[in-house]
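# Observations on chain architecture
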Amino acid sequence: MNIQAPIKTELTFADYKSDLKPVWCPGCGDYSVLSAITKALATLQLPREDVALISGIGCSSRIPAYTSVYGFHTIHGRALPVATGVKTARPDLTVLVAGGDGDGFSIGGNHFLHACRRNVDLTYIVMDNSVYGMTKGQASPTTESDWTGSKLTPEGPGVAEFQPLEIALSAGANFIARGFSGKPNELVKLICEGINHPGFSLIHVLSPCITFRPEQREYKSMVHDGFGGFGFDDGTPDRREAFRRLMDDDGYSCGVLFKGNTPAFKSPTAAPASLADMERKFAL
Amino acid sequence: MTGFKDMTGVPEFLAHAITLEQEAAVRFDELAGMLEVHNNHKGVVDLFRKMAHFSRLHLAEAKERAEGVDVPKLAPWEFKWPGDESPESGTIEDAHYLMTAHHALTLALASETRGYDFYQGLADKAADAQVREMAQEFADEEADHVATLKEWLTRYPEPESTWNEDMDPPVSVD
């Protein structure tokens, strides 16, 4: 019998998009992040069935539905523990996690710390617009302390902003970078690097909310390449040096900050005890 | 926008031409989709779909020119665009849920003009004579599109400044 091998056609970024139309506001930065994620998957030619995209709750967390890879739109702040479970149970999958600043750094803040510390091989893409958009514009953990755009905080939140990159570096993330949705091709590069780098990767994305933070349209004139005077691609493996560069960061530096060399967490290959042994221990 | 970047030859040039049209088609479809979802009934959805259709026709032409040519596969960040994205990818942040045909045509015109500038830049400055020649053909075609869009724009003058007023805004802060 002469059976021909199936012809393997190359996947384009459009193949990674689903038929669902995003409900984001026209002009939202998240469209470009979706585009960057699909382009990154196409660049790496990852089979769709080998990729899982896990998200929490919020505007940006709708993203798995707009892709054709496996997706799980979980609950608020819990994308990282779910993704950790997926990756440890199925280490063969490429696991991406996506969400916003409220989801990831407020209700999910504690999970963020421990995901960095555990260093499971995940790529966490945070679309940061410094506002809760889905609930109509309240201050989030990364909102400036003097932002008076919400009636809930008419004099501004009055508290210091959460610093995602500093926290990630302190907590043990193995790859840390920042991109801008207005520079999607650079973002593709960062996402590809994050996926390829072992361990926990944080890709912090400045993604304007044109509805509740219209002033963020100015990001495009504020972003600049590299941290601490170094180039876009010049991430350092030295944590002390990365901290030094962060001290000079104005919040708009884009590129790779840190490329650590800690091996990724690996779950034990064999179960610690057989099911029968465990059942015996619990027998009354 | 950054400066001029030359092509190594026709294959690299065609890789850019194909991607330019492909990304333009996807972006125009995306713009149409986002306005459809947000119930924009001002003819903008059809207009963006039409632009996407034209981009696909040009994509087919570019692919035809590439037949038999070993077109290199480039990663998104390896393209030599003058700016951050392929020139005819209309800027997402210029979209608004209440935008009118005038705004849509202005956005499309800006895209086509960037496309024209890209090709004309290569036609004027590329080191390779074949690239210059092919780029001139593409630039002439883009010049036609620019002229057509300018003509369409005369039919859709700038709307009143109240075009984005919404008595029942979907995004009002409670």
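Throughout this description, residue numbers start from 1 for each chain and increase along the sequence as written. Naming scheme: in the order in which they are written, chains are lettered from A and ligands are numbered from 1. Where totals are concerned, whole chains, interfaces and linings use all residues; where local detail is concerned, this predicted model gives features only for residues with pLDDT of at least 70, and gives and counts side-chain atom pairs only at 80 or more. By convention in this description, side-chain values take in all heavy atoms of the structure and omit both hydrogens and water.

All names here are of chain A. Of all seven residues in strand β4 (residues 122–128), seven are buried; the element is thus mostly enclosed. The side-chain alternation of β4 yields two buried faces, one formed by Leu-122, Tyr-124, Val-126 and Asp-128 and the other by Thr-123, Ile-125 and Met-127. A pair of strands is labelled paired if DSSP reports no fewer than 2 bridges between them. Secondary structure follows DSSP: runs of H or I at least 4 residues long count as helices, runs of E at least 2 residues long count as strands, and numbering of each begins at the N terminus. Sheet analysis places strand β3 (residues 94–100) next to β4, joined by six bridges and oriented parallel. Note that in β4 the partner of Leu-96 across the bridge is Thr-123. Relative to strand β6 (residues 201–206), β4 runs parallel, the two being bridged by six bridges. Note that in β6 the partner of Met-127 across the bridge is Val-205. Only protein chains enter the calculation, and the probe is 1.4 Å; a residue is then buried if its accessible area is under 20% of its type maximum, exposed if over 50%, and partly exposed in between.

The next point concerns the pattern of salt bridges. Put simply, a salt bridge is a Lys or Arg side-chain nitrogen that is within 4 Å of an Asp or Glu carboxyl oxygen. Enumeration over the complete set of coordinates arrives at 24 salt bridges over all chains. Close ionic contact of A:Lys21 with B:Glu36 constitutes a salt bridge, the shortest N to O distance being 3.2 Å. Of this pair, A:Lys21 sits in the segment before α1 (30–44) while B:Glu36 is found in helix α1 (residues 10–37), placing the two residues in two different chains. When the shortest N-O distance is used, the salt bridge between B:Arg155 and B:Glu151 registers 2.9 Å. Taken together, the residues B:Arg155 and B:Glu151, both in helix α4 (residues 129–155) and four residues apart, mark about one turn of the helix. Residue classification places B:Arg155 among the exposed residues on the basis of a relative accessible area of 52%. On the basis of relative accessibility, which here comes to 41%, the residue B:Glu151 falls in the partly exposed class. When salt bridges with common partners are traced through the structure, they connect A:Lys21, B:Asp29, B:Glu36, B:Arg49 and B:Arg56 into a single cluster.

Residue and element names in this part refer to chain A. Extensive coverage of β3 is indicated by the burial of seven of its seven residues. Burial along β3 is two-sided: the residues Thr-94, Leu-96, Ala-98 and Gly-100 and Val-95, Val-97 and Gly-99 are all buried. Pairing analysis gives five bridges linking strand β1 (residues 51–55) to β3, with the strands arranged parallel. Among the inter-strand pairings, Ala-52 is bridged to a residue of β3, identified as Val-95.

Treat this as a map of the structure, not an account of what it does.
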